Amino acid sequence: MLSVAEAFAITQQHLLQLPTESVSLAAATGRVLQEPVLADRDFPPFDRVSMDGIAIRYEQYAGGARLFRIAGAQFAGQPQQTLTDQTACLEAMTGAMLPAQTDTVVRYEDVTIADGQATITIDDLQPGQNVHHRATDRRAGDELISAGMLLSPSEIAVAASVGRASVVVSALPRVALISTGDELVGLTETPLPYQIRRSNTYMLRAALLSLGITATLHHIADDELALEDMLTDLLANHDLLLLSGGVSAGKADFVPDVLTRLGIQKQFHKVDQRPGKPLWFGSTTAGQAVFALPGNPVSTVLCACRYVLPFLRASLGLPADRPHYAQLTRTILFDPALTYFLPVRLVSEPDGRMMAHPLPGSGSADFANLLDADAFMELPADRSEFRAGEGFRVWPTR
Ligand SMILES: Nc1nc2c(c(=O)[nH]1)N[C@H]1C(S)=C(S)[C@@H](COP(=O)(O)OP(=O)(O)OC[C@H]3O[C@@H](n4cnc5c(N)ncnc54)[C@H](O)[C@@H]3O)O[C@H]1N2
Ligand code: MOO
Ligand SMILES: [Mg+2]
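As annotated in an unreviewed UniProt entry, the chain carries the name Molybdopterin molybdenumtransferase and comes from Fibrisoma montanum. We quote the UniProt Function (unreviewed entry) comment for the chain here in full: "Catalyzes the insertion of molybdate into adenylated molybdopterin with the concomitant release of AMP." Of the chain, the UniProt comment under Sequence similarities (unreviewed entry) reads exactly: "Belongs to the MoeA family."

## Considering the overall build of the chain
The helix and strand tally for the chain stands at 7 helices and 28 strands. The C-alpha atoms of the chain give a radius of gyration of 31 Å, which is well past the 21 Å a tight globule of 398 residues would have. Seen through its principal axes, the chain has C-alpha atoms that stretch 95 × 50 × 40 Å. Each of the 398 residues in the chain was classed as buried or not, and the buried ones make up 44%. Sequence-distant contacts, at least 24 apart, represent 70% of the contacts inside the chain between residues at least 6 apart. Only carbon and sulfur atoms are counted for the fraction: they give 51% of the accessible area of the chain, which is about 19100 Å². Taking the average location of the 31 positive side-chain charges in the chain and that of its 44 negative ones, the two points are 3 Å from each other.

## Comments concerning the UniProt feature "domain: MoaB/Mog" (unreviewed entry) in the chain
The UniProt entry lists residues 176–314 under the feature "domain: MoaB/Mog" (unreviewed entry), expressed in the numbering used here. Taken end to end, residues 176–314 is 35% helix and 26% strand, and its two terminal C-alpha atoms sit 18 Å from one another.

## Some remarks on the sheet that holds strand β13 (residues 175–180)
In a beta sheet, neighbouring strands pair by backbone hydrogen bonds and run either parallel or antiparallel. Ordered by their spatial adjacency, 6 strands build an open sheet running β16-β13-β17-β21-β20-β18, and the pairing between neighbours is mixed. Lying at the two open borders of the sheet, with one neighbouring strand each, are β16 (215–220) and β18 (265–269). Here the strands of the sheet are splayed against their neighbours by 20° on average, with no regard to which way each runs. Bridge count for β13 against β16 is 6 bridges, and the pairing is parallel. Paired with Val175 across the bridge in β16 is Ala215. Of the strands in this sheet, β13, β16, β17 (240–244) and β21 (289–293) touch helix α4 (residues 200–209), which is tilted by about 160° from β13.

## A closer look at a positive patch on the surface
Taken together, Lys266, Lys270, Arg274 and Lys277 make up a surface patch of like positive charges. Along the polypeptide, Lys270 turns up in the loop between β18 and β19 (273–274). Among the residues examined, Lys270 registers a relative accessible area of 36% and is labelled partly exposed.

## Observations regarding the confidence of the model for the chain
Here the chain shows a mean pLDDT of 97. Residues at 70 or above account for 100%. Here the complex is predicted with pTM 0.91, and the ipTM for its interfaces comes to 0.98.

## Quick notes on the packing of helix α1 (residues 4–12) against helix α7 (residues 297–316)
Between α1 and α7, whose axes approach to 10 Å, the crossing angle comes to 30°. Crossing geometry of α1 relative to α7 is assigned as right-handed. Residues Val4, Ala7, Phe8, Thr11 and Gln12 of α1 form the contact with α7, whose participating residues are Arg306, Tyr307, Pro310, Phe311 and Ala314. Looking at side-chain class alone, the contact of α1 with α7 contains 7 nonpolar, 2 polar and 1 charged residues.

## A few points about the site of ligand 2
Every residue lining ligand 2 is accounted for by Arg274, Pro275, Gly276, Lys277, Pro278, Asn296, Ser299 and Ser364. Interatomic distance of 2.9 Å between a side-chain N/O atom of Asn296 and an oxygen atom of ligand 2. In terms of residue class, the shell around ligand 2 is built from 2 nonpolar, 4 polar and 2 charged.

## Considering the coordination of the magnesium ion (ligand 3)
The magnesium ion (ligand 3) binds to the protein through Asp253 (OD) and Asp253 (OD); the donor distances cover 2.4 to 2.5 Å. Here Asp253 shows up in the loop between β17 and α6 (255–261).

## Points about the nonpolar core
As a rule of thumb, soluble globular proteins bury nonpolar side chains together. Ranked by size, the top nonpolar core spans 43 residues in total, and within it Leu208, Leu240, Leu242, Phe291 and Leu312 carry the most contacts. Residue-level mapping places this core at the junction of two domains, with at least three residues from each of domain 1 (4–18 + 172–316) and domain 4 (324–396). Within the second largest apolar cluster, 19 residues are counted, among which are Met230, Val247, Ile264 and Ala292.

## Considerations on unusual backbone geometry
Note the cis peptide between Phe43 and Pro44, where omega equals -15°. In this structure, Pro44 sits in the loop between β2 (37–38) and β3 (48–49). Between Arg274 and the following residue, Pro275, the backbone shows a cis peptide bond with an omega angle of -5°. Looking at the element boundaries, Pro275 is found in the loop between β19 and β20 (280–283). In the Ramachandran plot, Asn130 falls in the positive-phi region, its phi being about 65° despite a non-glycine side chain. With respect to the helices and strands, the residue Asn130 is situated in the loop between β9 (117–120) and β10 (131–132). Not every positive phi belongs to a glycine, and Lys270 is a case in point at roughly 90°.

## With respect to the domain arrangement of the chain
Taken domain by domain, the chain comprises domain 1 (4–18 + 172–316), domain 2 (24–43 + 145–170), domain 3 (48–132) and domain 4 (324–396). Measuring from the centre of the C-alpha atoms in domain 2 to the corresponding centre in domain 4 gives 38 Å.

## Thoughts on the site of ligand 1
Ligand 1 sits among 21 residues. The nearest are Glu183, Ser199, Gly246, Ser248 and Gly295. Contacts to ligand 1 include Glu183, whose side-chain N or O atom sits 2.6 Å from an oxygen atom. Considering ligand 1 on its own, with 870 Å² of exposed area, one finds that the protein chains cover 69% of that surface. Tallied by class, residues from the shell around ligand 1 come to 7 nonpolar, 10 polar and 4 charged.

So, how was this worked out
Residues numbered from 1 in each chain as written. Chains lettered and ligands numbered in written order. Predicted model: local features only at pLDDT ≥ 70, side-chain atom pairs only at ≥ 80, totals over all residues. Heavy atoms only, no water. UniProt positions renumbered as here; feature names shortened; annotations may be inferred. Helix = DSSP H or I, 4+ residues; strand = E, 2+ residues; numbered from the N terminus. Rg over C-alpha atoms; globule rule 2.2 N^0.38 Å. Buried < 20%, exposed > 50% of the residue type's maximum accessible area, 1.4 Å probe, protein only. Contact = heavy atoms within 4.5 Å. Areas by Shrake-Rupley, 256 points an atom, 1.4 Å probe, with all protein chains shown as cover. Lys, Arg positive; Asp, Glu negative; His and termini not counted. Charge placed at Lys NZ, Arg CZ, Asp CG, Glu CD. Pairing = 2+ DSSP bridges. Axes fitted to C-alpha atoms, helices over the stretch in contact; angles between N-to-C directions. Patch = residues over 30% accessible without salt bridge, like charges linked within 9 Å, V, L, I, M, F, W, Y side chains within 5 Å. Salt bridge = Lys/Arg side-chain N within 4 Å of Asp/Glu carboxyl O. pLDDT = per-residue confidence, 0-100. Left-handed = near helix turned anticlockwise from the far one by under 90°. Nonpolar A, V, L, I, M, F, W, Y, C, P; charged D, E, K, R; others polar. Near = heavy atom within 4 Å. Polar contact = N/O pair within 3.5 Å; in protein donor to acceptor, adjacent residues only side chain to side chain. Donors = N, O, S within 2.8 Å, 3.2 Å for Na, K, Ca; no water. Core = buried A, V, L, I, M, F, W, Y, C linked by side-chain atoms within 4.5 Å. Domains from an automatic or database assignment.

Have a look at this one:
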């Protein structure tokens, strides 16, 4: 069988090759940029007044002048004015161009104004104070946002400031979510004693929404031919299929055989992990991918967090998430030679430590347990004792 790291690496070698598309800035939040956004002008584009006050020539102040006649006012949104009498001043507002022949702004708080004259009341005025000089932040032509960046509100602001009404981003993949199983009924149905409502595809749909991906939902009974027909149809117009259930050793677990019959190349089946051991992954020559996730709901959540979401993030062109780590609050023993993904509740302590409180629950069907958990802690396969205070990687579930 494969280790978690090997299985993960295989999935990352079969990423979806997604095209790019142009979207309006209004629709770009949460999308992944696929072109550089350049500065069309210097940042800021002119010497900009950064405090409301009076603009003066510093050499006058340095020569001892404190009283300045107010010769006019420079407002934001006006063309640049000129201070012609250098012993005078111009009132100047935040966001305005610094008037020509001035170089320093004194805040209203640091002057008294009477009879059309301003008196400076501070002794520590510095030359150039309260002026945000042209091009101090970025220069025209600089790359402001690089390809591969997630467009969050800050990137949207910068793109707007350089006049980008639309941006080129990765197209979103077309994803189908397929639950399998005779025991599963829809969420508005009343289950018979031997039935349950399906939940895995709803969980997956919610998880994909965090990447802005909307998926279609499908359900199929444990019927090989019907499954084959449905998957044939879905492969015609989807980039990624995520199946749940039917991948283990049961007499009605048809998924791996059907996927092989449809010509999907199996990359692996089964990983040395708990939960989620029966995970199946394959790809097509057309660049599609298929994850068949074990049906037990905790396994489905774990496989989504550990494999599917990183696969989609990388396919969209995002860099890998920075790893998160936490410290176990109590010693955990786990004997099997498998990577153990332990559900944990994360608590951030005032001293900066992130603590992981184990919530083992009653196994991979106990998905109510995940309501109390925030993450899975990845405990390596080559050990069986994980001591209180030791740090391990965690994979957030929320
Ligand atoms: N003899 C063996 N039996 C099992 C093994 C094994 O290695 N040998 N592996 C176990 C492990 S580990 C898991 S995980 C499960 C995986 O099962 P399948 O992927 O085949 O899934 P099913 O048999 O269809 O269902 C398992 C379980 O999950 C429930 N389920 C399925 N789909 C949904 C859904 N959409 N929403 C909610 N719940 C779902 C289903 O009702 C079953 O209870 O196999 C073990 N067995
Ligand atoms: O991996 Mo299964 O998820 O242990 O129940
Ligand atoms: Mg099964």
